[in-house]
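# Residue-level structure breakdown
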Amino acid sequence: LTEKSPDLVNDQHNTLVNSNYFGIYYSENSGKGSIFNNKLNSPWNNGSIVLSPDGSKLYFTKTYRNRKTEVMQLFYCNIEGDKLSKPIPFEYNNKEYSILHPAFSENGKILYFSSNKKGGKGGWDIYYSRKDRKYGWLAPKPINGNINTAGNEVFPHAYKGNLYFSSDGH
């Protein structure tokens, strides 16, 4: 995930970091980055990106904007050999709120993400969705306990039974 090249047509800047929008790139040991895949990048901010533990899907965030709103949504691509399918929207995307920063439990049965959905504890909260063999991803729920605060919890990452995340409320 890195800054994209300057947008000389729209000349819009990300107000959070006063820079251009973020895109999904890759780099081998040369240090020079290349666009990872054009299917993953929209004209606005893109990322984070995560590979499912079984290696069959790639989940990522895309931003959509119009004159009134900006919303970030999750998408995934099936990995077929060395090719990616067309991006498929996560079934719980909603134009009323954003879903971003996907992360998996180590066994791939839980998908974590951040959302600013109304009814949470603060600006951005961490939610999870469980994978059901028959029904796919179940309806997301906010994480219980004292993880979510009145502040913002983002960038979840599960590792060895622990959940790591960034917060300005703790």
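Along each chain, residue indices are assigned from 1 in the same order as the chain's sequence is written. Per-residue local features of the predicted model are confined to residues with pLDDT of at least 70, and side-chain atom pairs are confined, for both listing and counting, to 80 or more; whole-chain, interface and lining totals are unaffected and use all residues. Values shown for side chains rest on all heavy atoms present in the structure; no hydrogens or waters enter the calculation.

### Digging into the pairing of strand β16 (residues 162-167)
Two strands pair if DSSP finds at least two bridges between them. A run of H or I in DSSP counts as a helix once it spans at least four residues, and a run of E counts as a strand once it spans at least two, with each numbered from the N terminus. Both strand β15 (residues 153-159) and β16 contribute to a ladder of 5 bridges, which runs antiparallel. Bridging across to β16, Tyr159 finds its partner in Asn162.

### Digging into the confidence of the model for the chain
The predictor attaches a confidence to each residue, and that confidence, scored 0 to 100, is pLDDT. With 72% of its residues at a pLDDT of 70 or more, the chain has an overall mean of 80. Confidence, read as mean pLDDT per element, is least for strand β1 (residues 2-3) in the chain (43) and greatest for strand β11 (residues 110-115) (97). In this model residues 1-19 is a low-confidence stretch, pLDDT under 50, and it forms 39 contacts with partners more than four residues away in sequence or in other chains. Contact criterion: two residues are considered in contact whenever any of their non-hydrogen atoms come within 4.5 Å of each other.

### Considering the packing of aromatic side chains
Two aromatic rings, drawn from Phe, Tyr or Trp (for Trp, its six-membered ring), form a pair once their centres lie within 6.5 Å of each other, and the interplanar angle then sorts them: stacked below 30 degrees, edge-to-face above 60, tilted otherwise. Going through the model one piece at a time under the given rule, you end up with 7 aromatic pairs. Judged by centre distance (6.2 Å) and plane angle (25 degrees), the ring pair of Phe60 and Phe75 falls under stacked. Here Phe75 lies in strand β7 (residues 70-80) and Phe60 lies in strand β6 (residues 57-65), a separation of 15 residues in the sequence. Accessible area is worked out with a 1.4 Å probe on protein chains only. A residue is then buried under 20% of its type maximum, exposed over 50%, and partly exposed in between. Owing to a relative accessible area of 8%, Phe75 belongs among the buried residues under this scheme. Relative to Tyr92, the ring of Phe90 has its centre 5.6 Å away and its plane inclined at 65 degrees; by these criteria the two rings are edge-to-face.

### Some details on the environment of Lys117
Structurally, Lys117 is set in the loop between β11 and β12 (125-132). A residue is classified by how much of its surface remains accessible, and Lys117, at 32% relative accessible area, is partly exposed. Between the C-alpha atom of Lys117 and that of Asn94, which follows or precedes it by 23 residues, the distance is 9.1 Å. Ignoring anything within four residues of it in the chain, the contact list for Lys117 reads Tyr97 and Tyr127.

### Some thoughts on the side chain of Ser105
Mapped onto the secondary structure, Ser105 falls in the loop between β10 (99-104) and β11. Two N or O atoms form a polar contact when they lie within 3.5 Å of each other; inside protein one atom must be a possible hydrogen donor and the other a possible acceptor, and for residues adjacent in sequence the pair counts only when both atoms belong to side chains. In this structure the side chain of Ser105 is engaged in a polar contact, spanning 3.3 Å, whose partner is the backbone nitrogen of Lys109. Leaving out residues up to four positions away in the same chain, Ser105 has contacts with Pro53, Ile110, Tyr112 and Ala158.

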